[in-house]
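# Residue-level structure breakdown
Chain by chain, the residues:
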Amino acid sequence: MSHSDTSRAGQSHGSSKSYLIGFVLCAILTVIPFVLVMNPMLPRPTTLLILVGFAVVQIVVQLVYFLHMNRSSEGGWNLASFVFTLVILFIVVALSIWIIWSMHFHMMSN
């Protein structure tokens, strides 16, 4: 009896090796920004830019290694739900920033 890494829907699941690679990459992508923040060696805007860059790379690593988002998804439902999630997340974050900025602008009398 052969062991298959696919579900009944035909979608592949990760192996122990891929989960370990994803975990190690995420750990590295967490430790480096942590060290940069705890030991300020670079100017603040540069540190912030590096922090955001590492966050984006870590999101991609988690999507590929843990959520198994790849181009071989049947029917594109994973991609459609992911894009919808990104749109909702962008709306929530952008409107939150706009509300906070607006409240700060209108409440502070400088």
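Residues numbered from 1 in each chain as written. Predicted model: local features only at pLDDT ≥ 70, side-chain atom pairs only at ≥ 80, totals over all residues. Heavy atoms only, no water.

## Things to note about the overall build of the protein
- Scanning the protein from terminus to terminus reveals three helices and zero strands.
- Listing every helix and strand of the protein by position from the N terminus yields α-α-α.
- Looking at the protein as a whole, 12% of its 110 residues qualify as buried.
- The contacts in the protein between residues at least 6 apart in sequence include a share of 53% that link residues at least 24 apart.
- Carbon and sulfur atoms form 73% of the exposed surface of the protein, whose accessible area is close to 9,400 Å². (Helix = DSSP H or I, 4+ residues; strand = E, 2+ residues; numbered from the N terminus. Buried < 20%, exposed > 50% of the residue type's maximum accessible area, 1.4 Å probe, protein only. Contact = heavy atoms within 4.5 Å. Areas by Shrake-Rupley, 256 points an atom, 1.4 Å probe, with all protein chains shown as cover.)

## A look at helix H1 (residues 16-38)
- In a regular helix each residue adds 1.5 Å, so 23 residues correspond to 33 Å; H1 covers 32 Å between its end C-alpha atoms and thus fits that length.
- Looking at H1, one finds that the buried residues are Ser-18, Gly-22, Cys-26, Leu-29, Pro-33 and Leu-36.
- Summarising the contacts, the buried residues of H1 are in contact with helix H2 (44-65). (Expected span 1.5 Å × (residues − 1).)

## Here we look at the environment of Leu-25
- Structurally, Leu-25 can be placed in helix H1.
- Sequence spacing of Leu-25 and Gln-62 is 37 residues, and the spatial spacing of their C-alpha atoms is 9.1 Å.
- Non-local contacts of Leu-25, meaning those with residues more than four positions away in its chain, are made with Val-61 and Tyr-65.

## A few points about the UniProt feature "transmembrane region" (unreviewed entry) in the protein
- Under the feature "transmembrane region" (unreviewed entry), the UniProt entry names residues 20-42, 48-67 and 79-101.
- Taken end to end, residues 48-67 is 90% helix and 0% strand, and its first and last C-alpha atoms sit 27 Å apart.
- Helix makes up 100% of residues 79-101 and strand 0%. Its end C-alpha atoms lie 33 Å apart. (UniProt positions renumbered as here; feature names shortened; annotations may be inferred.)

## Concerning the confidence of the model for the protein
- Considering every residue of the protein, the mean pLDDT works out to 83; 82% of them sit at 70 or more.
- Taken element by element, the predicted model of the protein shows its lowest mean pLDDT in helix H3 (residues 77-107) (87) and its highest in H1 (94). (pLDDT = per-residue confidence, 0-100.)

## Observations regarding the packing of H1 against H2
- At their nearest, the axes of H1 and H2 sit 10 Å apart, and the two run at 170° to each other. Considered as vectors, H1 and H2 are oriented roughly antiparallel to each other. For the pair formed by H1 and H2, the contact residues are Ser-18, Tyr-19, Ile-21, Gly-22, Leu-25, Cys-26, Leu-29, Thr-30, Ile-32, Pro-33, Leu-36 and Val-37 on the first element and Thr-47, Ile-50, Leu-51, Phe-54, Val-57, Gln-58, Val-61, Gln-62 and Tyr-65 on the second.
- Looking at the contact of H1 with H2 residue by residue, the class counts come to 15 nonpolar, six polar and no charged. (Axes fitted to C-alpha atoms, helices over the stretch in contact; angles between N-to-C directions. Parallel < 35°, antiparallel > 145°, perpendicular 65-115°, else oblique. Nonpolar A, V, L, I, M, F, W, Y, C, P; charged D, E, K, R; others polar.)

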